[in-house]
Amino acid sequence: MTIQQLQYVLEVSRTGSISKAARNLLLSQPNISNSIKNLEQELGATLFIRTSQGMSLTEAGEHLVQHAGVIINELNALSPVVQTSPSYYFRLSYPRYIPSFEAFCDLCQRYQTARSCSFPAFTTPPRTCSHRC
């Protein structure tokens, strides 16, 4: 089961038609139809009743749509959260020259104070740096 398949099922259930769903999703009708058939085979359940008038959900389809809607809403809500909180990682390799390491410790401490940020993964060996970094 993929997120894409869930999106297809939601759109077909919303529109009642594979052709309308395909038009809305800018995809081909066979692509959506095959994807839904594959999902039905994977789940071992029929999700839609197919008629000449369109498609309607079975009981299993209604359960899937209910849960799929929650999943897709959560994914949509997650995207802006991740995009607005950038993370920066860096790895530092330094020579065993204690004065330069202590200077770096001081720099980090000043930066944290000035920017109101922290380096939670930054730890120093207790014997080499007398400052709390």
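Residues numbered from 1 in each chain as written. Predicted model: local features only at pLDDT ≥ 70, side-chain atom pairs only at ≥ 80, totals over all residues. Heavy atoms only, no water.

Asks: Please provide a residue-by-residue account of the pattern of salt bridges, values included.
Replies: Counted according to the given criterion, the structure contains two salt bridges. With its nearest N and O atoms 2.6 Å apart, the salt bridge here joins Glu 11 to Arg 14. Residue Glu 11 and its partner Arg 14 are located together in helix H1 (residues 3-15), separated by three residues, close to a single helical turn. Of the residues examined, Glu 11 reaches a relative accessible area of 13% and is grouped as buried. One salt bridge in this structure joins Glu 40 and Arg 50, with 3.0 Å as the shortest N-O distance. On the criterion of sequence distance, the pair formed by Glu 40 in helix H3 (residues 29-43) and Arg 50 in strand E1 (residues 48-51) is long-range, its members being 10 residues apart. On the basis of relative accessible area, Arg 50 is assigned to the partly exposed category, the value being 38%. (Salt bridge = Lys/Arg side-chain N within 4 Å of Asp/Glu carboxyl O. Helix = DSSP H or I, 4+ residues; strand = E, 2+ residues; numbered from the N terminus. Buried < 20%, exposed > 50% of the residue type's maximum accessible area, 1.4 Å probe, protein only.)

Asks: Break down a nonpolar patch on the surface for me, citing the residues and quoting the values.
Replies: A grouping of Ile 3, Ile 71, Leu 75 and Leu 78 is seen on the molecular surface, where their side chains present a nonpolar patch of about 320 Å² in accessible area. Broken down by element, the nonpolar patch gets its largest block of residues, three residues, from helix H4 (residues 59-84). Mapping Leu 78 onto the fold places it in helix H4. Classification of Leu 78 as partly exposed rests on a relative accessible area of 45%. (Patch = residues over 30% accessible without salt bridge, like charges linked within 9 Å, V, L, I, M, F, W, Y side chains within 5 Å. Areas by Shrake-Rupley, 256 points an atom, 1.4 Å probe, with all protein chains shown as cover.)

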